[in-house]
Amino acid sequence: MTNYENVLLSIEEGIATLTINRPKNLNALNQQTLEEIEAAVYEIKGNKEVKVLVVTGAGEKAFVAGADIKEMASKNALEAREFSIIGNRAFKAVDDLEIPVIAAINGYALGGGLELAMACDIRFASTKAVAGLPEVNLGVIPGFGGTQRLSRIVGVSKALELLYAAVNVKAEEGQRIGLFNQVFEPETLMEETMKYAKKITTKGPIAINFAKQAVKVGYEMPLDKALGLESELFGLVFSTEDQTEGMTAFVEKRSAEFKNQ
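Residues numbered from 1 in each chain as written. Predicted model: local features only at pLDDT ≥ 70, side-chain atom pairs only at ≥ 80, totals over all residues. Heavy atoms only, no water.

- As recorded in an unreviewed UniProt entry, the chain goes by the name Enoyl-CoA hydratase/isomerase family protein, listed as coming from Candidatus Vagococcus giribetii.
- What the UniProt record of the chain gives under Sequence similarities (unreviewed entry) is the line "Belongs to the enoyl-CoA hydratase/isomerase family." (UniProt positions renumbered as here; feature names shortened; annotations may be inferred.)

In structure tokens:
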């Protein structure tokens, strides 16, 4: 695997872990870190052995506390637009991965940190997690997808409520509004995240991919077209060896041995 300066990438038993590794800066996202996230995601995409990606932050204080303000402060309008494009491209790479992506939010997930977490399919949080999009405090708006993904996750009105007043959300409230899927004690967050990730690795990988497509692509479609997409994917999965193995194993009352074929 590639050695990165600001992120750590490890792969074990079909689970890739991508750790944002700038703990002295609360894992703040500068341009280099965004580019390394994108590169690491494409490295994961090229590894057929990886079935799940877990994204987290180094240290105990922060998942990602936001974008690197020192780097951003001197940018002009064109440079800021380019920075937004780089961030959106990196997070779209996360969002577009065919495998499930889980954010393990171990502390502050503010600004770009929450935007990264929202690009993941599932968000597990520590009881110490704090999330928010505080950009209006700085006279700017979110630039890495925050205005779009937050409204899709918690609804338009709630998203605007949080954005307008730069409200930070603690773990329990985050779970209540659907921003976090589950909340765990800090010492068990990674253990519980990995337990869930390992459960995914035992399922049919093609079926998991098709389920992700059906939900995420279908969500943007009118219902009748989304139902058509589901039927197409349902039919297509019956052309795979994994479908035959999965149903045969069920009838034979044994664990399936999926081959991603």
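After that view of the structure, there is still more to cover.
## Brief notes about the overall build of the chain
Now for step 1: A count of helical and extended segments in the chain gives 11 helices and 10 strands.
Now for step 2: Taking 18 Å as the expected radius of gyration for a compact globule of 261 residues, we find that the chain reaches 19 Å, a close match to that expectation.
Now for step 3: Viewed in the frame of its principal axes, the chain has a C-alpha envelope of about 60 × 40 × 35 Å.
Now for step 4: Of all 261 residues assigned to the chain, the portion counted as buried reaches 46%. (Helix = DSSP H or I, 4+ residues; strand = E, 2+ residues; numbered from the N terminus. Rg over C-alpha atoms; globule rule 2.2 N^0.38 Å. Buried < 20%, exposed > 50% of the residue type's maximum accessible area, 1.4 Å probe, protein only.)

## Considerations on empty space enclosed by the protein
Now for step 1: For the coordinates displayed, the defined rule picks out 1 cavity of 30 Å³ or more.
Now for step 2: Each pocket or cavity is described by its volume, and for the largest cavity that value is around 50 Å³.
Now for step 3: The wall of the largest cavity is formed by Leu114, Ala131, Gly132, Leu133, Leu150, Leu162, Leu163, Val167, Val169 and Leu179.
Now for step 4: Taken together, the elements giving at least two residues each to the lining of the largest cavity come down to strand E8 (130-132) and helix H6 (156-164).
Now for step 5: Per-class residue counts for the lining of the largest cavity are 9 nonpolar, 1 polar and no charged. (1 Å grid on protein atoms, 1.4 Å probe; cavity = no way out; pocket = protein on both sides within 12 Å on 5 of 7 lines; lining within 4 Å. Points joined across faces, edges and corners; volume = space filled by probe spheres on them. Nonpolar A, V, L, I, M, F, W, Y, C, P; charged D, E, K, R; others polar.)

## Quick notes on the pairing of strand E2 (residues 15-20)
Now for step 1: Within E2, 6 of the 6 residues are buried, which leaves it mostly tucked inside the rest of the structure.
Now for step 2: Side chains of E2 alternate between two faces, with Ile15, Thr17 and Thr19 and Ala16, Leu18 and Ile20 buried alike.
Now for step 3: Here strand E1 (residues 7-12) runs beside E2; their pairing, made up of 6 bridges, is antiparallel. Note on E2: the bridge partner recorded for Glu12 is Ile15.
Now for step 4: Between the antiparallel neighbours E1 and E2 lie 2 residues, among them Glu13 with a positive phi of about 55 degrees.
Now for step 5: Bridging between E2 and strand E3 (residues 52-57) involves 6 bridges; their strand directions are parallel. Bridge pairing links Thr17 to Val54 in E3.
Now for step 6: Once you follow E2 into helix H1 (residues 31-45) and on to E3, the crossover reads as right-handed. (Pairing = 2+ DSSP bridges. Right-handed = clockwise from strand over helix to strand, strands pointing away.)

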